[in-house]
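In case you want the letters, here they are:
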Amino acid sequence: MSLSLRTKFILVFVFLGLFMAAATSAVFYLSFDNLIRAKMKSDLANESQEFADYVRYEKGRTIIEPSKEWQELEHLKNSDYSRYILVTDTAFTTLHKSENLGRFEFQSFHKFLPTEAVESYDIDMDSVKYFCVVFPIRKNERIIGYVLAAENYRRTAYFLEVFERTIFISLVVLILISFTVAVFFANRVTRPLLAIQQVAGRIDLQSPGRRIELKDSEKEIENLSDSLNRLFDRLEKSFSQINEFSSNVSHELRTPLTVLRGNIEVSLTKDRTSEEYIEILSGLLEETLHVIRIVDDLLLLARADAKELRIQTEPIHIEDFCLEFSKDWEMICAMRKQTLRCEHEPGIVIEADKNLLYQLFLNIISNASKFTAGTEPIDVSIKKQLAENGKTYYAEIVVTDRGIGISGEDSEHVFDRFYRVQKDRSRETGGTGLGLSICKMIAELHHGTISLKSKEGFGTSVTVRIPATNNLEIR
Ligand code: ADP
């Protein structure tokens, strides 16, 4: 069974209060008991000291001379608390015994006999508890007998009973007070938590803008609600991104599928020649390939988002890499009668996944080519640069074109998924709006960065920085 924080708080508070009160009461009780015993001891010893005054030692034996005053002292035995007096010589022969002592004998208490001062102890007589003091009678530095005085415990019991009752009542009052205080504080602590819980429970897709607003709360609670509000902000942003993304995906897939459907329907309206069918099917294939590209790109991004994309890195020598693939990039540019000028410093090595690196170059170079209307050349430059820490290097890949460029506002969004500056033009060029998002993902997977600088009508340069391996430092 799990208890609520409020219940736990109250229980702990009450138990703690009870424990402290019980411990304090126990200390008081013991001190009180000791105090009463000390008082009884001194009272009994003082009162019975007068009996010792009538004891003499004459002719080798101890004798006692009862007197009139002594008779008066006997009233003690009839008092509320029933006192008992016994006077003996050193051989424990009884010299005087108060009448109420009956068959009581002193011998059984030898073990308590003191030689110097007054001793006190408890005894049981006929199942009744008594408090006793015993002390020696001295004459001329010599012990001539003993006095034993006892008192039943009624007086002490009465005091202790009163004390116990007081303690019990105090404990009940304390429990009530600590319970009230605990409830007050528990409410104070849990009220803002309940408010937080209620707000958090009401936040859903219909009302994602709700936030926790607490007034006059403790610092910790304020910090907690601030953190939660920030979390809600992030979640709201993520929700809207997901919403936007899903509607983008549906839209992006719907367009080519509608084209496909339309073309198929038109082609089925009448009989056609085989040449016409070939032409129609080629169009359909193109649209199908476009859909496949979108789906492939989305899958790649989704796997990267889910951290499921395993990259297989290996040391890549930029020189060799360019030698192997620059022909492909040149061909892309050549299709638009553009030339590709590739420059790289020697000896640059990066740790990268070859396929992903190839795709990164391909996306950026084909964008540069696509968005250059004329035959201006495309420049690729790869340099090694010292990192800001002054210790390590990175490879800086810059692809520059002299094409249509992008406005400042648009260039802030080009790495967003499905963002295209000119949708129609991009569609004409077969763009999906996912190319630069994929480039960003690839750069980040390699612990690198990507950025874009552009001026509308003048051209664009995309810069990718990927950490170089250590052997670059040695060079
Ligand atoms: P796409 O597949 O449409 O090219 P990208 O994500 O690669 O998608 O690019 C996003 C948008 O950024 C493009 O639609 C285009 O408008 C713009 N863009 C990217 N590269 C360039 C460039 N070199 N010159 C001009 N515009 C560019």
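Since the model is a prediction, treat every value here as computed from it, not as a measurement.

Let's talk about the sheet that holds strand β14 (residues 459–467)
Step number 1: Across the sheet, 5 strands lie side by side as β9-β11-β12-β14-β13; this open sheet has mixed pairing. Edge positions in the sheet fall to β9 (340–344) and β13 (449–455), since each of these pairs with one other strand and no more. Strand-to-strand, the axes of this sheet are offset by a mean angle of 15°, without reference to chain direction.
Step number 2: Looking at chain direction, β9 and strand β11 (residues 378–386) are connected through 5 bridges and run parallel.

Examining the environment of Ile264
Step number 1: Inspection of the secondary structure puts Ile264 in helix α5 (residues 219–267).
Step number 2: Spatially, the C-alpha atom of Ile264 lies 8.0 Å from that of Leu284, the residues being 20 residues apart in sequence.

Side note on the packing of aromatic side chains
Step number 1: In this structure the tally under the stated criterion is 11 aromatic pairs.
Step number 2: Ring geometry for Phe321 against Phe361: centres 5.4 Å apart, planes inclined by 55°, an arrangement best described as tilted. Here Phe361 lies in helix α8 (residues 354–370) and Phe321 lies in helix α7 (residues 318–334), a separation of 40 residues in the sequence. Of the two residues, Phe321 and Phe361, both sit in the buried class.
Step number 3: For the pair Trp329 and Phe361, a centre-to-centre distance of 4.8 Å together with 5° between the ring planes defines the contact as stacked. Highlighted residues: Trp329 in helix α7 and Phe361 in helix α8, separated in sequence by 32 residues. This pair shows no difference in class: Trp329 is buried, exactly as Phe361 is.
Step number 4: If you follow Arg417 out to its NZ or CZ, it ends over the ring of Phe245, 5.9 Å from the centre.
Step number 5: The ring of Phe458 has Lys455 sitting right over it, with the charged end atom 4.6 Å from the ring centre.

Points about the packing of helix α6 (residues 274–305) against helix α11 (residues 435–445)
Step number 1: With their axes 10 Å apart at the nearest point, α6 and α11 run at an angle of 30° to one another. What the angle tells us is that α6 and α11 run roughly parallel. In terms of crossing hand, the pair formed by α6 and α11 is left-handed. Contact with α6, carried on its side by Asp297, Leu300, Leu301 and Ala304, involves Ser437, Ile438 and Met441 of α11 and no other residues of that element.

So, the packing of α8 against α11
Step number 1: Taken N-terminus to C-terminus, the directions of α8 and α11 make an angle of 145°; their axes are 9 Å apart at the nearest point. Like other packed secondary-structure pairs, α8 and α11 cross with a definite hand, here left-handed. Along the contact surface, α8 presents Leu356, Gln359, Leu360, Asn363, Ile364 and Asn367, while α11 presents Gly435, Leu436, Ile438, Cys439, Ile442, Ala443 and Leu445.
Step number 2: Its residues assigned to classes, the contact of α8 with α11 shows 9 nonpolar, 4 polar and no charged.

The rules we used
- Residues numbered from 1 in each chain as written.
- Predicted model: local features only at pLDDT ≥ 70, side-chain atom pairs only at ≥ 80, totals over all residues.
- Heavy atoms only, no water.
- Pairing = 2+ DSSP bridges.
- Helix = DSSP H or I, 4+ residues; strand = E, 2+ residues; numbered from the N terminus.
- Axes fitted to C-alpha atoms, helices over the stretch in contact; angles between N-to-C directions.
- Phe/Tyr/Trp six-rings, centres within 6.5 Å; stacked < 30°, edge-to-face > 60°.
- Buried < 20%, exposed > 50% of the residue type's maximum accessible area, 1.4 Å probe, protein only.
- Lys NZ or Arg CZ within 6 Å of the ring centre and 35° of its normal.
- Parallel < 35°, antiparallel > 145°, perpendicular 65-115°, else oblique.
- Left-handed = near helix turned anticlockwise from the far one by under 90°.
- Contact = heavy atoms within 4.5 Å.
- Nonpolar A, V, L, I, M, F, W, Y, C, P; charged D, E, K, R; others polar.

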